[in-house]
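# Reading the structure
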Amino acid sequence: MRSSNDRYATNSYAPGRSDRRAVGMEPPARIIGFPQVQKPSQRIRRIGQVAAVLIAAGGYVHLCLYRHGYRVIPKIGVGFLLTVIASGILALGLLVLRGRTNRLARLAGIALSVGTLIAFALSRTPAGLFAFREMGFQPSPQAAFAVLTESGALLLLLGTLLMDRTPPRGRVTQA
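Just so you know, these numbers come straight off a predicted model, no measurement behind them.

Rules of the game
- Residues numbered from 1 in each chain as written.
- Predicted model: local features only at pLDDT ≥ 70, side-chain atom pairs only at ≥ 80, totals over all residues.
- Heavy atoms only, no water.
- Core = buried A, V, L, I, M, F, W, Y, C linked by side-chain atoms within 4.5 Å.
- Buried < 20%, exposed > 50% of the residue type's maximum accessible area, 1.4 Å probe, protein only.
- Helix = DSSP H or I, 4+ residues; strand = E, 2+ residues; numbered from the N terminus.
- Contact = heavy atoms within 4.5 Å.
- Polar contact = N/O pair within 3.5 Å; in protein donor to acceptor, adjacent residues only side chain to side chain.
- Expected span 1.5 Å × (residues − 1).

The subject of this paragraph is the nonpolar core. Within the largest apolar cluster, 13 residues are counted, with the highest numbers of intra-cluster contacts made by Ala-52, Ile-55, Leu-94, Ile-110, Leu-112 and Leu-157. Listed by contribution, the elements that provide at least two residues to this core are α2 (40–67), α3 (76–96), α4 (100–122) and α5 (142–165). Top contributing element to this core by residue count: α5, with four residues. Setting aside its immediate chain neighbours within four residues, Leu-94 contacts Arg-45, Gly-48, Ala-51, Ala-52, Ile-55, Asn-102, Ala-105, Arg-106 and Leu-157. Within the second largest apolar cluster, nine residues are counted, among which are Val-61, Leu-65, Leu-129 and Phe-132.

Structural data, given as structure tokens:
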């Protein structure tokens, strides 16, 4: 039985958030937490950020090798320095840019990774790259780390471009 002083007795009263806490009418806490579904653009952005870190790590490896002797090798030293500069600019671009400019940064990141991997492969051939030859994964472990970071960045950036091209699930496209 409600009294006339009971604020819930009339239909005109709607309890506010603070009233619900006081009365204990707060909805129960979630027991199982499911991750929120991200929009495709958010997913692409997150993957691009991971690729930026990988490109920056590859640039850092090239910087270390440049500082420890590669700078005196004709043409190769300049190539390493350009890779360091391009890696820094692209990593920053992948983190900061949005929209079409981010897509261009991702394409440039793919070009940098492919170019770096091709140069790595050419330097292991009998003819070498600009008459510069190395064997296997020497210098170790920098060579292996550079191949892993550049390959990872390449795969992630290619994945983001594929995600850009595919329509989201549930959406009907017209031909």
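With that out of the way, let us pick up the side chain of Asn-102. Within the secondary structure layout, Asn-102 lies in helix α4. Of note is the side chain of Asn-102, whose polar atom sits 3.0 Å from the backbone oxygen of Leu-97. With residues up to four places along the chain from it excluded, the contact list for Asn-102 reads Arg-45, Gly-93, Leu-94 and Leu-97.

Attention shifts here to α3. With 21 residues, α3 should cover 30 Å at 1.5 Å per step; its first-to-last C-alpha distance of 30 Å lies within 8% of that length. For α3, the set of buried residues is Ile-76, Gly-77, Phe-80, Thr-83, Val-84, Ser-87, Leu-90, Ala-91, Gly-93 and Leu-94.

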